[in-house]
Every structure is written in C-alpha cells, then in structure tokens.
Amino acid sequence: MTAVEPRAVPGEVTTFQVASPDLESVVRDLGNLRLADMFASGRDDTVLRLVWANDTAGQAGYVITETPVDSGTYPALSDIAPATFVEECEIYEQFGIQPASGKLLNRIMLPPHADLPTLGRPPKPEPEEVRAQHTVGGSAFEFPFGPVRQVGMESLYYGLVTSGEEVVDLYLFTWHKHRGLEWRLQGKTPRQALFHAERAEGLSAVAVGWAFAAAAEAATGTRPPYEAQRTRAVALELERLYNHAAAMAALCQSTGLSVGQSAAEIALERMLRLNAQAFGHRYLFGVIDVGGVSRAPDAGVIRRELPEAYGEFKRAADALLGTNSFVDRLEATGIVTTAQARALGLVGPVARATGLATDARQVPGGPGGPYASEQGRIDIPRPTAGDVLARFNVMLAEAAESVRLIGDFLEAGVGAAAAKLPETAGSGLGWAESSRGEALAWVALDTDGRISRARLRPASARNWRGFDDACRSQNVFTDIPIIEASFWLTAAGMAR
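Residues numbered from 1 in each chain as written. Predicted model: local features only at pLDDT ≥ 70, side-chain atom pairs only at ≥ 80, totals over all residues. Heavy atoms only, no water.

**Focus on the sheet that holds strand β14 (residues 451-457)**
Two modes of strand pairing occur in sheets, parallel and antiparallel, and in both the strands are linked by backbone hydrogen bonds.
For step 1, the next point in the chain: Overall, antiparallel pairing links the 3 strands, which are arranged β12-β13-β14 in an open sheet. Looking at which strands have only one partner, the edges of the open sheet turn out to be β12 (426-434) and β14. Averaged over all pairs of adjacent strands, the angle between their axes in this sheet comes to 10 degrees, without regard to strand direction.
For step 2, the next point in the chain: Two elements, strand β13 (residues 437-445) and β14, share 6 bridges in a ladder whose sense is antiparallel. Bridge pairing in β14 links leucine 445 to isoleucine 451.
For step 3, the next point in the chain: Seen against the sheet, helix α5 (residues 205-220) touches β12, β13 and β14 and runs at an angle of roughly 155 degrees to β12. (Pairing = 2+ DSSP bridges. Helix = DSSP H or I, 4+ residues; strand = E, 2+ residues; numbered from the N terminus. Axes fitted to C-alpha atoms, helices over the stretch in contact; angles between N-to-C directions. Contact = heavy atoms within 4.5 Å.)

Here's what the structure looks like:
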C-alpha cells in the first residue's frame, strides 16, 4: 500500500505515488470515488495516471494516482473498475503497455493498417481489428451501419446485432475521426496548443478550451482574473444552451416530428446568432485564452437577445412535452441504470438522468471558481428513470439554469483579461462542465514552458461507453437514433 492513503480534498487536486504491486488494492479502496480518466505518459519511462473525482456536494475534488510501469504490463484494472477498459485499449495503442491478464483489447483510435505516430512505443502485436470476440447465436445477425450515415453526421460505424427488431448487441468503430491531437500538442506552448485543444470537440470548444487552459494555469501556478473567470462561465452557459437546442432538434428528427424539429432549429439559430453578436463567433471559438479570456461579451446584446432566444427554446420544448407521440417514443427507451452509470463513470445529463450528482461546476476551487460564488450555485433536478425522457428533462432544466446563471454572472461583472503564464516546468489538471458533462485536461510542461504531454478527455470520450448499454436495454432497431440524439455525443471527442 502507499504510505499515505489517497483521498480527495474538497476543491483541490491531490496527487499520490502508487507502486505497481499496490495499484490494484488502491483502485479497490478508491471505489467510492468516480474514476474520471486513465492515461499514460513517457516514451521510455512510462507512468500510468488515474484521475478520481469525488462528486459529493461540499466535498468535490480530484485525486490523481501515479504509477511507474517498468515491465510493459500493469495490473488488470477493468475487472475491478469497468470504467478503465476503453483507456486500457487506448494506452496499449499509444504506449504498447497492457494489462497483465493479457485480455483481448479493442481497437479504439488508430485505424487498421495506418502508419500514424503514437505518444509512446507502438504495440508489438497489432490491436484487434474490430473488437473482442462475441458470439452471435440463434437467428440474430450483424447489421453494419456507417461510417458514412447521412448528411451532416460525423463518421461513425455501428455494428448492430439484431434478430430483426430487438437490438441484441452493438459495437462502435470510432477511429475515423482520429487526428492525433495529443501528439500534435507536444512541443507547443500552451497558447499555441489552445487552438488545437478547442477543436478536439468543436461543439465543446469553450469547455475543452477552459479545461486545457486551466490545466496549464495549474501547472504554472497562475490564477485568471475574476472577471475573466465569469466571462468564461457566460460563454460556457451559452455553449450549453445551443447544444441542448441542437439535441432537441435531433430528438425531433429521430422521432419524425418535422414541425418540432423546425421549431427547435429556430431556437438553435437564434442562440448561434446571439453567440456571434456577443462574442464574435457562432460556436464561441477563440473566447478562452490561457490565463483568462481574449474578449469580453457584449452584455447589452445578451440581456436583450437571450430572453427571446430562450423563449423560442421553451415554447418548442413545452409543445414537445405536450405531444403524446413524442413522449411515448422517449419514455422507457435507452435506459441506463444508476449502477451502470456509476460503474462506467458516466457524466453530464446522461449520469444525472440516473440520479447521480456529477457536475464539475460543483468543485469549489480551480476552474470551478465562478460557480463557487453565490451567483454560481446550481440547482439541477436528478430523475432516476435513466431513459431518453429523463435525459431530455435534465437538458431542459439545465437550460433554464443557464439563463439564470448568465444573468447573475453579467451582473457580477465580466471583462477581457488574461494573466501571463511563467515559462516553468510543472503539471496540472483542469476541468469544466460541458453540455455533455465533465471535460478534463492534464498538462505537463518542461523547463521552457512547452508541453511534454497533454491529455484531453472530452465528455464524449466517457459517455460513448454508456451508449452501448443503453442500446441493449430492450430496444428496437428504430430506437437507436433516438438514443444517440439523447446522448448528444461527438465521434470527434472520442477519437481526438
């Protein structure tokens, strides 16, 4: 065991060294926390890092365990913590180290037969071409769908196992959107790298950008000005609003409600135009800066336009909830249980719809700074049904809270300011609550202040693993687009 028992300190990030023989027992001991991420660093001297989150209100904080891997293997963790399996696969692709159990690992990021750079030593045997073995028995058959699906949809391949109607199993190929972003960040200054970090998941540019900037700030001991933190929060809530409007439009499309889809898209367009007027970009690119923000919002425009844009959103939502054919398709569809969400470490509306209280804005210190104030207190209901309807209702409640928060932050004062980062070595963790859930970033800087390793973990990278389970919960073939719309994830955020 470690000399000091790893535990989360409210509002802080605490780091502990754990020897490889002790790692399995430490993972068991930390089972009351949520495993938020796992990644590796170092081409020659590889270090395995696990990030744990305490989601308890008033005690929210993070724990990082660091374990040197000398032998090329480490204890098999996914048998104890299922949330680590995707990362075990990714680490094998990028660093060539694998669980000691020798279990079959899926291909996650690197396309088959592609000669792409890796962050560490490439694996000796190639990962499995598609997935771990499974048996299709009886009258079931596999139905391939993708990667080209329809206009405007990201490249994503479904392998649907079905007997004609009911979905028996589902697996995903997500590597089509792999861009090697973490590899590209090496050697750059944090400010140079921010351009790429924002584009890891373009629909979460503010959240991922904030998490990355906060990680660089933590690594250098820099604190952004308070008015800049509130500006970040205004942009983040505007990003949440337009994403929830887009998810509502997608739900209408998947259920065949063209009138409802049009109403939702009108609200979406109003919000995107508001973003452009307030911050200069429809998708809020370029707002976040390392050390603060690059621009201040036009508060007058937001106060004038936001009530009308949200009014369009609420009218569409109220009409949909009053449409029986819509509600019937959402209710009891794509169920994720509380136990599944906890075991897989799911985040955002997907987790909150099962009753879990996961929200990175609850962490009182660090990036959550403005939300720790009186203006930033959040009240989001947590239903327990875990179905599409529960996820939709969480989104609607979040949208209402976002409107209130934006008004409160504007009243408290916003501005464009950025603190200068010193050129120094260090490492730090950053986080932000995107519309999809917690976005994490970890950055290590060398003595010149340049990135030696950066880890980007958008919420999509966490929640796709819950999508599989949601699709298997006694759903029929035509339910899959509805479930996907309710998760509202991106393939880019997974593949990076």
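**Points about the nonpolar core**
For step 1, the next point in the chain: Counting 87 residues, the largest nonpolar core has Leu238, Ile302, Phe313, Phe326 and Phe467 as its most contacted members.
For step 2, the next point in the chain: Broken down by element, this core gets its largest block of residues, 14 residues, from helix α6 (residues 226-254).
For step 3, the next point in the chain: In this structure, Phe16, Leu23, Leu30 and Tyr74 belong to the second largest nonpolar core, which totals 23 residues. (Core = buried A, V, L, I, M, F, W, Y, C linked by side-chain atoms within 4.5 Å. Buried < 20%, exposed > 50% of the residue type's maximum accessible area, 1.4 Å probe, protein only.)

**Describing helix α4 (residues 190-198)**
One full turn of an α-helix is made of 3.6 residues, so residues set three or four places apart face in the same direction.
For step 1, the next point in the chain: Of all the residues in α4, the buried ones are Pro190, Ala193, Leu194, Ala197 and Glu198. The buried residues of α4 occupy one face: seen down the axis, they fall within an arc of 135 degrees. (Arc of directions from axis to C-beta.)

**A short note on a nonpolar patch on the surface**
For step 1, the next point in the chain: Residues Phe141, Phe143 and Phe145 make up a contiguous nonpolar surface patch of roughly 250 Å² in combined accessible area.
For step 2, the next point in the chain: Tracing the chain through its elements places phenylalanine 145 in strand β7 (residues 141-145).
For step 3, the next point in the chain: The partly exposed category is assigned to phenylalanine 145, whose relative accessible area is 31%. (Patch = residues over 30% accessible without salt bridge, like charges linked within 9 Å, V, L, I, M, F, W, Y side chains within 5 Å. Areas by Shrake-Rupley, 256 points an atom, 1.4 Å probe, with all protein chains shown as cover. Salt bridge = Lys/Arg side-chain N within 4 Å of Asp/Glu carboxyl O.)

**Notes on the pattern of salt bridges**
For step 1, the next point in the chain: According to the stated counting rule, one finds 37 salt bridges in the structure shown.
For step 2, the next point in the chain: Of the charged contacts in the structure, one is a salt bridge between arginine 232 and glutamate 217, with a shortest N-O distance of 2.7 Å. Note that arginine 232 is positioned in helix α6 and glutamate 217 in helix α5, a separation of 15 residues in sequence.
For step 3, the next point in the chain: Taking relative accessible area as the criterion, arginine 232 reaches 1% and is therefore assigned buried.
For step 4, the next point in the chain: Because the salt bridges share partners, they merge into one network encompassing Glu237, Arg240, Arg352, Asp359, Arg361, Glu398 and Glu433.

**Describing unusual backbone geometry**
For step 1, the next point in the chain: For leucine 284, which is not glycine, the phi dihedral falls at a positive 65 degrees.
For step 2, the next point in the chain: Relative to the elements of secondary structure, leucine 284 occurs in the loop between α7 (258-279) and β10 (288-289).
For step 3, the next point in the chain: Taking the relative accessible area as the measure of exposure, leucine 284 reaches 0% and is therefore buried.
For step 4, the next point in the chain: Of note in this structure, alanine 332 is not a glycine but carries a positive phi near 65 degrees.
For step 5, the next point in the chain: Looking at the element boundaries, alanine 332 is found in the loop between α9 (324-330) and α10 (338-344).
For step 6, the next point in the chain: Its relative accessible area of 49% is what places alanine 332 among the partly exposed residues.

**Some words on the packing of α4 against α5**
For step 1, the next point in the chain: One can describe the packing of α4 onto α5 by two numbers: an axis separation of 9 Å at closest approach and a directional angle of 155 degrees. One finds that α4 runs roughly antiparallel with respect to α5. Here α4 runs over α5; the crossing is right-handed. Side by side, α4 and α5 meet where Pro190, Ala193, Leu194, Ala197 and Glu198 of the first sit next to Ala205, Val208, Gly209, Phe212 and Ala216 of the second. (Parallel < 35°, antiparallel > 145°, perpendicular 65-115°, else oblique. Left-handed = near helix turned anticlockwise from the far one by under 90°.)

**Description of the side chain of glutamate 198**
For step 1, the next point in the chain: For glutamate 198, the position within the fold is in helix α4.
For step 2, the next point in the chain: Classification of glutamate 198 as buried rests on a relative accessible area of 5%.
For step 3, the next point in the chain: Within the structure, the side chain of glutamate 198 is placed 3.4 Å from the side chain of arginine 199, a separation counted as a polar contact.
For step 4, the next point in the chain: At a separation of 3.0 Å, a polar atom in the side chain of glutamate 198 contacts the main-chain amide nitrogen of glycine 286. (Polar contact = N/O pair within 3.5 Å; in protein donor to acceptor, adjacent residues only side chain to side chain.)

**What to know about the environment of phenylalanine 143**
For step 1, the next point in the chain: Structurally, phenylalanine 143 is set in strand β7.
For step 2, the next point in the chain: Through-space distance from the C-alpha of phenylalanine 143 to that of serine 163 is 9.7 Å; in sequence the pair is 20 residues apart.
For step 3, the next point in the chain: The residues contacting phenylalanine 143, other than those within four sequence positions of it, are Tyr158, Gly159, Leu160, Thr162 and Phe477.

**Notes on the packing of aromatic side chains**
For step 1, the next point in the chain: Summed over the entire model, instances satisfying the criterion amount to 13 aromatic pairs.
For step 2, the next point in the chain: Taken together, a centroid distance of 5.3 Å and an interplanar angle of 50 degrees make the contact between phenylalanine 39 and tryptophan 442 tilted. Here tryptophan 442 lies in strand β13 and phenylalanine 39 lies in strand β2 (residues 34-41), a separation of 403 residues in the sequence. Taken as a pair, phenylalanine 39 and tryptophan 442 share a single burial class, namely buried.
For step 3, the next point in the chain: Plain terms: the ring middles of tryptophan 464 and phenylalanine 467 are 5.2 Å apart, the flat faces sit at 85 degrees to each other, and that makes the pair edge-to-face. One end of the pair, tryptophan 464, and the other, phenylalanine 467, are both in helix α13 (residues 459-472), 3 residues apart, so they sit about a helical turn from each other.
For step 4, the next point in the chain: When its relative accessible area of 4% is taken as the criterion, tryptophan 464 is described as buried.
For step 5, the next point in the chain: Since its relative accessible area comes to 0%, phenylalanine 467 is described here as buried.
For step 6, the next point in the chain: The ring of phenylalanine 195 carries the charged tip of arginine 199 above its face, separated from the ring centre by 3.7 Å. (Phe/Tyr/Trp six-rings, centres within 6.5 Å; stacked < 30°, edge-to-face > 60°. Lys NZ or Arg CZ within 6 Å of the ring centre and 35° of its normal.)

**Things to note about the packing of α13 against helix α14 (residues 480-487)**
For step 1, the next point in the chain: Close contact between α13 and α14 brings their axes to 10 Å; oriented N to C, the two are set at 150 degrees. When the axes of α13 and α14 are compared, the pair comes out roughly antiparallel. Here α13 runs over α14; the crossing is right-handed. Across from Asn463, Trp464, Gly466, Phe467, Ala470 and Cys471 in α13, the residues of α14 making contact are Ile480, Ile483, Glu484 and Phe487.
For step 2, the next point in the chain: Along the lines of polarity and charge, the residues of the contact of α13 with α14 split into 7 nonpolar, 2 polar and 1 charged. (Nonpolar A, V, L, I, M, F, W, Y, C, P; charged D, E, K, R; others polar.)

Such coordinate-based values are descriptive only and should not be taken to indicate function.
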